[in-house]
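Tertiary structure, described
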Amino acid sequence: MTEAKFNYSDIPDTQPLKRYFPLNRTLWIMFRHYGWAHIKRGFEQGSEFLGYEVFKHRLNEAIKTAQEVINGRIKQPEKIIAFTLFPPGGFIRADLQQGSMKLLYGESVDVSYCGIRDDTMELSYILNGHLEDGIPVDWWMIGPDDTDILDRRHQKYGVKLRDLPKKFKGLENVGWKIRDILLDIRNERTPQWMNSAYQIGVGYGTMIHLAYEMSNYEGFGKIYDMLAAKRVYKMPDVGFIYIPMPQLIQMIAFMERPFFILRSMGLNTQHKLFTAFLEGFVQDFFKEQFPEDWNLIFVNTWAKTGIPWPIQTLGCQLPNYRDDKLYGKSDFEWKYPPGKFITLEDVDMTLEEALEGIFYDIDHTTEVGSVDVKESIISTGVGRDTKFKK
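These notes cover the structure that comes with them.

Thresholds, definitions, all that
- Residues numbered from 1 in each chain as written.
- Predicted model: local features only at pLDDT ≥ 70, side-chain atom pairs only at ≥ 80, totals over all residues.
- Heavy atoms only, no water.
- Pairing = 2+ DSSP bridges.
- Helix = DSSP H or I, 4+ residues; strand = E, 2+ residues; numbered from the N terminus.
- Axes fitted to C-alpha atoms, helices over the stretch in contact; angles between N-to-C directions.
- Contact = heavy atoms within 4.5 Å.
- Phe/Tyr/Trp six-rings, centres within 6.5 Å; stacked < 30°, edge-to-face > 60°.
- Buried < 20%, exposed > 50% of the residue type's maximum accessible area, 1.4 Å probe, protein only.
- Lys NZ or Arg CZ within 6 Å of the ring centre and 35° of its normal.
- Nonpolar A, V, L, I, M, F, W, Y, C, P; charged D, E, K, R; others polar.
- Salt bridge = Lys/Arg side-chain N within 4 Å of Asp/Glu carboxyl O.
- Arc of directions from axis to C-beta.

1. Quick word on the sheet that holds strand S5 (residues 135-142)
Read from one edge of the open sheet, five strands run S5-S4-S3-S6-S7, paired in mixed fashion. Edge strands, defined here as strands with exactly one partner in the open sheet, are S5 and strand S7 (240-243). With strand direction ignored, the average angle separating the axes of adjacent strands in the sheet is 15 degrees. The pairing of strand S3 (residues 108-116) with strand S4 (residues 123-132) spans nine bridges and is classified as antiparallel. In the strand pairing of S4, Ser108 is matched with Glu132. Running at roughly 75 degrees to S3, helix H2 (residues 97-105) makes contact with S3, S4, S5, strand S6 (197-204) and S7 of the sheet.

2. Digging into the packing of aromatic side chains
Across all of its chains, the model carries 29 aromatic pairs by this definition. Judged by centre distance (5.8 Å) and plane angle (50 degrees), the rings of Phe285 and Phe290 are tilted. An identical accessibility class is assigned to Phe285 and Phe290; each is buried. Through a chain of ring-to-ring contacts, the aromatic side chains of Phe6, Tyr8, Phe21, Trp28, Phe31, Trp36, Tyr233, Tyr321, Tyr327 and Phe332 assemble into a single cluster. Residue placement shows Lys18 over the ring face of Tyr8; its charged tip is 4.9 Å from the ring centre. Over the face of the ring belonging to Phe290 we find Arg41, whose NZ or CZ atom lies 4.2 Å from the ring centre.

3. Examining the sheet that holds strand S8 (residues 274-277)
Read from one edge to the other, the open sheet built from four strands follows the order S8-S9-S10-S11, with strand pairing classed as antiparallel. Strands at the two margins of the open sheet, each flanked by one partner only, are S8 and strand S11 (387-388). As paired strands, S8 and strand S9 (residues 356-360) are joined by three bridges and run antiparallel to one another. The residue bridging Thr275 from the neighbouring strand is Ile358, located in S9.

4. Regarding the pairing of strand S10 (residues 377-380)
Here is the key point about a regular strand: its side chains alternate between the two faces of the sheet. Pairing of S9 with S10, which is carried by three bridges, proceeds in the antiparallel orientation. Across the sheet, residue Ile358 finds its bridge partner in S10, namely Thr380. As paired elements, S10 and S11 share two bridges and run antiparallel to each other. Note that in S11 the partner of Thr380 across the bridge is Lys387.

5. What to know about the environment of Lys167
Tracing the backbone through its elements, the reader meets Lys167 in helix H4 (residues 164-167). The spatial distance from the C-alpha of Lys167 to the C-alpha of Met121 is 9.5 Å, given a sequence separation of 46 residues.

6. A few points about the side chain of Thr301
Among the structural elements, Thr301 can be located in helix H11 (residues 291-305). Once residues lying within four places of it in the same chain are set aside, the contact partners of Thr301 are Met214, Leu296, Gly306 and Ile307.

7. Observations regarding the packing of helix H10 (residues 280-289) against H11
The interhelical angle for the contact between H10 and H11, taken along N-to-C directions, is 115 degrees, at an axis separation of 5 Å. Counting all contacts with H10, which are made through Gln283, Phe286, Lys287, Glu288 and Gln289, the residues of H11 involved are Pro291, Asp293, Trp294 and Phe298. Tallied by class, residues from the contact of H10 with H11 come to four nonpolar, two polar and three charged.

8. Structural notes on the pattern of salt bridges
Evaluated as defined, the whole model comprises 22 salt bridges. Of the charged contacts, one joins Arg58 and Glu279 as a salt bridge, the two residues approaching to 2.8 Å between their closest N and O atoms. One end of the pair, Arg58, is in helix H1 (residues 25-70); the other, Glu279, is in the loop between S8 and H10, with 221 residues separating them in the sequence. A relative accessible area of 4% places Glu279 in the buried class. Glu107 is paired through a salt bridge with Lys102; the nearest N and O atoms lie 3.9 Å apart. Assessed through its relative accessible area of 30%, Lys102 is described here as partly exposed. What emerges from the salt-bridge pattern is a single network uniting Glu61, Glu68 and Arg384.

9. A closer look at unusual backbone geometry
Outside of glycine, negative phi angles account for most residues, and trans bonds account for most peptide bonds. The linkage connecting Phe86 with the following residue, Pro87, adopts the cis geometry, with an omega of -10 degrees. We note that Gln76 has phi near 55 degrees; this positive angle belongs to a residue other than glycine. Locating Gln76 in the fold gives a position in the loop between H1 and strand S1 (81-83). The phi dihedral of Asp348 is positive, around 55 degrees, even though this residue is not glycine. Tracing the backbone through its elements, the reader meets Asp348 in the loop between helix H13 (344-347) and helix H14 (351-354).

10. Some details on H2
Along H2, the positions that sit buried rather than exposed are Gln97, Ser100, Met101, Leu104 and Tyr105. Projection of H2 onto a plane perpendicular to its axis shows the buried side chains occupying an angular sector of 100 degrees, all on one side. Of the residues one or two after H2, Gly106 is the one with positive phi, at around 110 degrees.

Listed below in structure tokens is the structure:
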């Protein structure tokens, strides 16, 4: 592994979201080791592949798993982690999905997740999912080459959909204008749900990039950082926002970081730890196209650095991003409580086996090292491919 050698000053001043970049810990580590040219290549090559192929697999599986749980064909759903539509490609315990989704988003609802590419500030993809009674039933996606949709102009302002983030400041301001256009598109594509609630989630690519988060606790910490970027970290704007904001999410987003993670984890897995899932074809993509990322983030994390226990994620102290002097230094240090993180040695698996996803009987009350990690594994895999361990 190379030594960290690039500094904040090496990020081009022309990069619109330069200030945000150190807030995404994994991308910041990758930049420190491999520089801006490497990150830029990731924007260009990784976005399309990870955008469509991964979501296609995960969202179709989310619908099939939810249907089988409701129909009683899946046994012991409390031991199964399933994919979610909201957020797309996320994870939730299969028996909690219906109740938690209804509580967070409502009875009948569409949410369109909109990603803004950092370097061009263009809207580059839109992924829409629909829930009925908390159950995922349908999704569709618009990619960067879908010019018929992305070139559609706002009825009042005359600006193309793809260009709205460049023309207007502030994600909330931009979000309402994006929603104006997408509401019509939702109604055109699925007229049977034109009376259902409609929300959009809009965020910057750097901030919504969760592919490298190795645990569900760390993932929800990242979601908090996106929502709180302006209020807590004094970034120019939030990194992600819902339009309109679901009431419960708005409430918990104003809590401190550990409490937001706990509330979210309670709804998703009743606080139990789940470590990262990554499809085999995605692993191959990283190994072939981005071997630096594969070695630095996946191999190094699982084999050497380790994944924080939940109690360590909750106790993590982030850098003081409000301090302008910090941006002139070489690094932004995240300080975790002491104790050995979870590694491949603890789960007694190969990296590829671990990346099938591991669900543990470990939560925020479990002290570091107080249990045998391997003996605490409930299941491996996601959805209908789950294998029970206990």
